[in-house]
Amino acid sequence: MRRSGFTLMEIIVSITIVVALGVATILIIDPARQLAKGRNQERQAHLNLILNAVGQNIASNRGKFSCSSGDIPETAARMATSTGNYNIGPCLVPIYLSSLPVDPSTSGAGYANENDYDTRYIIARNATTGRVTVSAPAAELGEKIEVTR
């Protein structure tokens, strides 16, 4: 009498091959790296949004940035409402932006309204050229993300 079916050894070898292929696929895809790249792309988009809004404010005010917090600082300052930071929120929201974008993964970043937020992004104006730079200090994968206009 002959039995049909798989031996225990054939099943173990098949499972081992499937597991090895699964591990190889995960290592190739590297989901943590892909997620970090996505967050960096989001940071880049946020910086462009902020600089576009700053540019619109300048255009609306005949070439001068208008803000109750004063001109954009020449030394790098975090855009937040807390003491020692640059409170740019009321200058951009709600006229040029519906809300300020915030860093997607930095602890403490958040936006409640234009008077209660911490973007965790940095802004500075070059005194010589007048160009404004916005940067994301929490960029991942060793990238330096900043936009200057």
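Reference entry: report on the structure contained in this document. These figures come from a predicted structure and were not determined experimentally.

Cut-offs applied
- Residues numbered from 1 in each chain as written.
- Predicted model: local features only at pLDDT ≥ 70, side-chain atom pairs only at ≥ 80, totals over all residues.
- Heavy atoms only, no water.
- Helix = DSSP H or I, 4+ residues; strand = E, 2+ residues; numbered from the N terminus.
- Buried < 20%, exposed > 50% of the residue type's maximum accessible area, 1.4 Å probe, protein only.
- Disulfide = S-S within 2.5 Å.
- Expected span 1.5 Å × (residues − 1).

Looking at unusual backbone geometry
Okay, so step 1: Residue V93 is joined to P94 through a cis peptide bond whose omega torsion reads 5°.
Okay, so step 2: Of note, P94 is situated in the loop between α3 (89-92) and β2 (110-113).
Okay, so step 3: One non-glycine residue, R120, adopts positive backbone phi at about 65°.
Okay, so step 4: On the basis of relative accessible area, R120 is assigned to the partly exposed category, the value being 23%.

Let's talk about the state of the cysteines
Okay, so step 1: A complete count under the given rule lists one disulfide for this structure.
Okay, so step 2: Linked covalently through their sulfurs, C67 and C91 form a disulfide whose S-S length is 1.7 Å. Between C67 and C91, the S-S dihedral sits near 50°, and the bridge is therefore right-handed. Residue C67 is found in the loop between α2 (31-60) and β1 (77-80), and its partner C91 is found in helix α3; the two are separated by 24 residues along the sequence. C91 shares its class with C67; the two are buried.

Focus on helix α1 (residues 8-29)
Okay, so step 1: Taking 1.5 Å per residue as the helical rise, α1 with its 22 residues ought to reach 32 Å, and the 32 Å between its terminal C-alpha atoms agrees with that figure.
Okay, so step 2: Following α1 by one or two positions, D30 adopts a phi angle in the positive range, close to 50°.

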